[in-house]
Amino acid sequence: KKEAAELTRHADSLRTFAGNPQYSWQSHTFYLNKVRGHINAVGERTTELQQIRYAVLPWQKQAITEVTSHAAQVAASTQAAIIYLNENQGRYLVPEYRDHLRKIADSSVDLKDTVGTFLEYEKAQEKVQLLQNELRLAVD
């Protein structure tokens with residue numbers, strides 16, 4: 001959750017930079033590298049989750065699938081933006097590059113929201129279990 005929040009924060013900075021000539025290509029590079037670091041950390045965690053996928057509940061499998069998908073989208077857009085910027089340092093206000101930044105930001109928000117929703121679901125499930133135990137309800 002922390003990585004997704006930091007990723008989104010840096011991606012939002014890039015979105016702000018997208019149409020603003022005030023920021024240099026070096027600023028873009030700095031934030032793209034921050035995003036890359038966060039998405040690599042998320043990638044490491046999703047790889048670990050994929051290894052235990054066979055032993056988790058169905059909703060947890062769905063969470064792994066969705067988080068992995070959003071992370072892959074962020075990674076692909078980040079890589080495309082880095083390649084574009086490396087090849088076109090003086091032309092970073094063009095629609096093609098701005099589109100990469102928009103996709104990074106949008107996919108980062110999707111990733112953060114997905115993680116948050118599944119964590120809320122987990123808390124709700126724990127609360128239900130506590131209440132069932134407290135009331136000594138028989139569960140099928």
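Reading the values: rules and limits
- Residues numbered from 1 in each chain as written.
- Predicted model: local features only at pLDDT ≥ 70, side-chain atom pairs only at ≥ 80, totals over all residues.
- Heavy atoms only, no water.
- Phe/Tyr/Trp six-rings, centres within 6.5 Å; stacked < 30°, edge-to-face > 60°.
- Buried < 20%, exposed > 50% of the residue type's maximum accessible area, 1.4 Å probe, protein only.
- Helix = DSSP H or I, 4+ residues; strand = E, 2+ residues; numbered from the N terminus.

Participant: I tried to follow the packing of aromatic side chains on my own but got confused; where do I start?
Facilitator: Any aromatic ring pair is given by two values, namely how distant the centres are and how the planes are angled relative to each other. Summed over the entire model, instances satisfying the criterion amount to six aromatic pairs. The interplanar angle of 20° and the centroid separation of 3.9 Å between the aromatic rings of F17 and Y23 together place this pair among those described as stacked. For F17, a relative accessible area of 6% corresponds to the buried category. Accessibility expressed as a relative area gives 23% for Y23, which makes it partly exposed. Ring centres of W59 and Y121 lie 5.0 Å apart, and the angle between their planes is 65°; on these two criteria the pair is classed as edge-to-face. Taken together, the positions of W59 in helix 3 (residues 58–87) and Y121 in helix 4 (residues 95–135) put the pair 62 residues apart, joining distant regions of the chain. Given a relative accessible area of 36%, Y121 falls into the partly exposed group. One aromatic cluster is present, built from ring pairs that chain together F17, Y23, F30 and Y31.

Participant: Which parts of the structure should I look at to understand the environment of S27?
Facilitator: Relative to the helices and strands, S27 is located in helix 2 (residues 25–51). A relative accessible area of 24% means that S27 is categorised as partly exposed. C-alpha of S27 to C-alpha of F17: the two residues are 10 residues apart in sequence and 8.6 Å apart in space.

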